[in-house]
Structures are given as structure tokens and as C-alpha cells.
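Residue-level structural notes
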Amino acid sequence: MAVEQAGQTPKKGITVLGATGSIGLSTLDVLARHPNDYQVIALTANTQTDVLFQQCQAFHPKYAVMVDEASAEALAEKLNAAGSSTEVLSGAAALEQVAALPETDYVMAAIVGAAGLLPSLAAAKAGKRVMLANKEALVMSGKLFMDAVRDNGAELLPIDSEHNAIFQSMPVQGKAGVKRILLTGSGGPFRTRDIDTLHEVTPAQAVAHPNWSMGQKISVDSATMMNKGLEVIEACWLFDVPSSQIQVVIHPQSTIHSMVSYIDGSVIAQLGNPDMRTPIAYALAWPQRIDAGVDELDFFQLARLDFEAPDFNRFPCLKFAYDAHQMGGYASIALNAANEIAVENFLNHRINFTEIPQLIENALEQASSGTPLVLEDILIQDADSREQARLWIKNNKKQTTVL
């Protein structure tokens, strides 16, 4: 825990995993507004040396981690030249190390993709408050992760705007009276585009989200609605409900972040401007609330609120996510692994937009049945599915250049 100063409540020690991404930047923005309440213990990044250097200069963490070794060396040189006392660590194992530091109270788990699983799990095993922005951790290891939270007295607070909204709308304890969860999504940039033209979508078009400022991978997931599919699986684990009790609702304005429907006919919703600082601030201060720097929602400026059911023909990835959860944990791992490979290759112009669901469907057909109970089995399925996905791309690679 961070050191207590005379006459003050002890500051909460924070480790931010993925500090240079969009969630990390928003987290540090909120922390900067409350310097008397929080102390940054560790910041981590992959290769963005310059950004992490500036963050270290501003927040003076005890540790900085660069996963890439060459980037870590470059960061250490810059910090030494600046007279900084921040210790630089490198490698994936260092992420787990700083996630479990005794002086850290809260861990913002914001590393995108499967790479965030092990450090997020390390934080849970160390009994931290895990502020989970990495949905893949639960998609890949739902039972294992939730068991670690329970067995080690950790707190798990969701950061995804949708799951945070559900958390705020659920009963204080349990889920008594809950009929179903209504998980909202914008529908992305291609909600109304002619389906027959989706194969022409470019990476630049796919990452241009209409409402949210997000990284490239998450933006593509939003365009395919795989992001929403992963959130369905995450919600099943977070709130202990079957996927049949979760209804995805397309809401283009992204004003209602999600809702909970009750057996008495009530629907409780959480509304706000589309700004990730709101759920971040809520998780940091829970059960209290603090200023997040977000403008108040102006109801008089809301022209309309629209809702529609998702079309699985337009968004097959969403259906695959429902299917994967019903198939079991191995299928969920395969779904996530294939999607990460597919998105990476789409962004690099190696496959087209409509080949993303084709690749994922192939991965589900090859996934093992059942649910893994140990970490090793999870990692084996993940590696196998990634290799199968790469092989699918190699075998199906077009001779012409993808747009």
C-alpha cells in the first residue's frame, strides 16, 4: 500500500498495465485530477518509449515496464539522463511482477488481447482490486479467473462501459429479481452499409468508430461486433448468468451504456456521454464517486435514442461468440485467438473484412470440446488456434492485393 502522509488518508497505490493505450491514457487523466488520493506505483507499455517516458516524468512511478527489451533499454537511458529514480524492467514476466507488488492496491488491467491474461490473473491471485478493461482475460479463462478472484479475496470491477453500466444497474448484492441483461452496442461504422459491399471495407474505414475513441484492434472488433460478442461472454462470467439471459441491443447513440431488466417490469439503465473516464473513475473510487472530468449529459441536446436488434447476417461474429460460450471454454479461447490473428492480418491488408468471420468459424470447428481447468491447457488451446488461423490465411491467401 502507498505510504501514508501525516494527517492524510493513505493514498491508494495504482499499477496501470497498458499505460500508453487509450484506457491507460484515460486512467492517468483521472488520476491526475486526484493527486492526494492515488499514487502511481508502476506503468507498463509494449514499445511506446516516448509516451511512457513522458508519463514517468509526470507521475514518478517506482517501476516502468517495457515488454520489448530494446524499448526498455531506450527508456532507461532517457530516464537516467533526466535524473529519474524510476526503475525500468523488461519482458512479459515483469508485467506479472508489477501487477502483484505489495505496495499496489489497485491494478488497471488495460493490455489489449490475450497478452493481458497473465498479468491480470497475477493481480487477482495477489488479492488486488482488479479494474478489468481486458475482456479477453475472462473470455479465455472465465472459471479460472473468477476462482482466483474469490479464493484470494480480490475485487473485480469491470471497466468496459457496458459492464460497468450493468454493474451500476444490478442489485447491490446478488441478482435477485433480474430477468435479463440488455447489453448495448453502437453497431459500429457499418450498421447500415450494404452487406454486399462489406468485402470492400478498408482498415481505415473499420477503425473510424462513430462514437468512441479506441485503439485499432478494438475498433475493428466493434465494426464486426466481435467486441460485443466477447462482452457477452465476459458478462456471463462477471454476473453469473447464461448467455440466453443476455440480449444485445444496438443503440447507435451510445448514450445508454447498458441496462438491466427486472421481473417486475422495471428497467434500470446507466446513461452518460461516451467517455471512458466515467467507468474508470467509478472503479477507482467505488463505492464512492469522484470527478472524472466528463461533461454532464445534456438531455435537452439529445435528439433521439434509437434501438434495434442485431442482424446476425451482417454481424456473424456476434453469433459465433454466443455459439462459443455454449460450446465451452476451449471454444471461447479459439474464438478469441482466431479473432486476434484475423484482425491483425486485416489491418495489415492480408485478408479482407469479410474473411474475419470465415477464419473464426473455421477455428470454432477445430476447437476442443469442454472447458479447461488449468492455465496450461488454456495457453495450449490459444497457441493451437493461432497456428490454425495462420495456416488458414496461408491456404486461403488471395493472389490479388487486399484493399
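In this report, we go over the structure that sits alongside the text. (Residues numbered from 1 in each chain as written. Predicted model: local features only at pLDDT ≥ 70, side-chain atom pairs only at ≥ 80, totals over all residues. Heavy atoms only, no water.)

1. Considering the packing of aromatic side chains
Defined as follows: The rule is short: rings of Phe, Tyr and Trp, with Trp giving its six-membered ring, pair when the centres are within 6.5 Å, and they are stacked under 30 degrees, edge-to-face over 60, tilted in between. Each helix is a run of DSSP H or I of at least 4 residues and each strand a run of E of at least 2, with the numbering of both proceeding from the N terminus. A positively charged side chain is recorded as over a ring if its NZ (Lys) or CZ (Arg) lies within 6 Å of the ring centre. The angle to the ring normal must also be within 35 degrees.
The full count for this structure, using the stated rule, is 5 aromatic pairs. Between Phe167 and Trp286, the aromatic rings sit 5.8 Å apart at their centres with planes inclined by 65°, giving edge-to-face as the arrangement. On the criterion of sequence distance, the pair formed by Phe167 in helix α7 (residues 161–169) and Trp286 in the loop between α11 (277–285) and α12 (316–327) is long-range, its members being 119 residues apart. Chaining the aromatic ring pairs together yields one cluster made of Phe167, Tyr282 and Trp286. Above the face of the Phe53 ring, Lys78 is positioned so that its terminal group lies 4.7 Å from the ring centre.

2. Description of helix α4 (residues 92–99)
Operational definition: For each residue, the accessible area found with a 1.4 Å probe, counting protein chains only, is set against the maximum for its type, and the residue is called buried under 20%, exposed over 50%, and partly exposed in between. Each direction from the helix axis to a C-beta atom contributes to the arc, which is the arc of those directions.
Restricting attention to buried positions, one finds in α4 the residues Ala94, Leu95, Val98 and Ala99. The arc that holds every buried residue of α4, seen down its axis, measures 140°, which confines them to one face.

3. Structural notes on the pairing of strand β1 (residues 12–17)
The condition is simple: Paired strands are those between which DSSP finds at least two bridges. Whether a crossover is right-handed comes down to one check: with the strands pointing away from the viewer, does the path from the first strand over the helix to the second run clockwise; if it does, it is right-handed.
Of all 6 residues in β1, 5 are buried, a share of seventy percent or more. By the bridge criterion, 5 bridges tie β1 to strand β2 (residues 38–45) in an arrangement that is parallel. The partner of Ile14 across the bridge, within β2, is Val40. Note that the unit made of β1, helix α1 (residues 22–32) and β2 has a crossover that is right-handed. Direction of pairing for β1 relative to strand β5 (residues 106–109): parallel, over a ladder of 4 bridges. If you follow Ile14 over to β5, its bridge partner there is Tyr106.

4. Re the side chain of His163
Quick note on the threshold: We call two residues in contact when some of their heavy atoms are within 4.5 Å.
Topologically, His163 is positioned in helix α7. Excluding residues within four positions of it along the chain, His163 makes contact with Pro158, Glu231, Glu234, Ala235, Leu238 and Phe239.

5. With respect to the pattern of salt bridges
This is how the line gets drawn: We count a salt bridge whenever a side-chain nitrogen from Lys or Arg sits within 4 Å of a carboxyl oxygen from Asp or Glu.
Evaluated as defined, the whole model comprises 20 salt bridges. The partner of Arg191 in a salt bridge is Glu308, with the nearest N and O atoms 3.1 Å apart. With Arg191 in the loop between β8 (178–185) and α8 (203–206) and Glu308 in the loop between α11 and α12, this residue pair connects regions lying 117 residues apart in the sequence. Among the ionic pairs, Asp275 bridges to Arg277, the shortest N-O distance being 2.8 Å. Relative accessible area serves as the criterion here: at 16%, Arg277 is assigned to the buried category.

6. Let's talk about the environment of Ile233
When you line up the elements, Ile233 lands in helix α10 (residues 226–239). For the pair Ile233 and Pro357, spaced 124 residues apart in sequence, the C-alpha separation works out to 17 Å. The contact partners of Ile233, leaving out residues within four places of it in the chain, are Val139, Ala321, His325, Ser332 and Leu335.

7. Regarding the sheet that holds strand β11 (residues 267–271)
For clarity, the cut-off: Between N-to-C directions, angles span 0 to 180 degrees; the directions come from axes that are lines fitted to C-alpha atoms, helices contributing only their stretch in contact.
Here 4 strands make up an open sheet; going across it, the order is β9-β8-β10-β11 and the pairing mixed. Two strands in the sheet have a free side with no partner beyond their single neighbour: β9 (246–250) and β11. Neighbour to neighbour, the strand axes of the sheet diverge by 20° on average, direction disregarded. Looking at chain direction, strand β10 (residues 256–262) and β11 are connected through 5 bridges and run antiparallel. Paired with Met259 across the strands is Ala269, a residue of β11. α10 contacts β8 and β9 of the sheet and is inclined by roughly 150° relative to β8.

8. Details of the nonpolar core
Condition: As used in this record, nonpolar core signifies buried Ala, Val, Leu, Ile, Met, Phe, Trp, Tyr and Cys residues forming a set joined through side-chain atoms within 4.5 Å.
With 52 residues, the main nonpolar core has Val98, Val130, Leu132, Phe145 and Ile246 as its most contacted residues. Top contributing element to this core by residue count: helix α6 (residues 136–151), with 6 residues. Of all hydrophobic cores here, the second largest spans 34 residues; its members include Met226, Val343, Ile356 and Trp392.

9. A look at helix α9 (residues 216–224)
For α9, a buried count of 7 out of 9 residues is recorded, marking the element as mostly surrounded by other parts of the structure. Those residues of α9 not exposed but buried are Lys217, Ser219, Val220, Asp221, Ser222, Ala223 and Thr224. Contacts made by the buried residues of α9 are with α6, α8, α10, α12, α13 (329–347) and α14 (355–366). A positive backbone phi angle near 65° is found at Met225, which sits one or two residues after α9.

10. A look at unusual backbone geometry
In this model, Trp286 is joined to Pro287 through a cis peptide bond whose omega is 10°. As for its position among the elements, Pro287 is in the loop between α11 and α12. One non-glycine residue, Asp240, lies in the positive phi region at around 55°. Along the chain, the position of Asp240 falls in the loop between α10 and β9. A relative accessible area of 57% means that Asp240 is categorised as exposed. Notably, His349 is not glycine yet its phi reads approximately 65°, a positive angle. Relative to the assigned elements, His349 resides in the loop between α13 and α14.

11. Describing the sheet that holds β1
Spatially, β4-β3-β2-β1-β5-β6-β7 is the arrangement adopted by the 7 strands of the open sheet, whose pairing is parallel. The outermost strands of the open sheet, each flanked by one partner alone, are β4 (87–90) and β7 (155–158). This sheet shows a mean twist of 20° between the axes of neighbouring strands, independent of strand direction. Here 4 bridges tie β2 to strand β3 (residues 63–66), and the two strands are oriented parallel to one another. Looking at β3, one finds that Thr44 is bridged to Val65. Where α11 meets the sheet, it contacts β1, β2, β5, β6 (129–132) and β7, and its direction lies at approximately 170° from that of β6.

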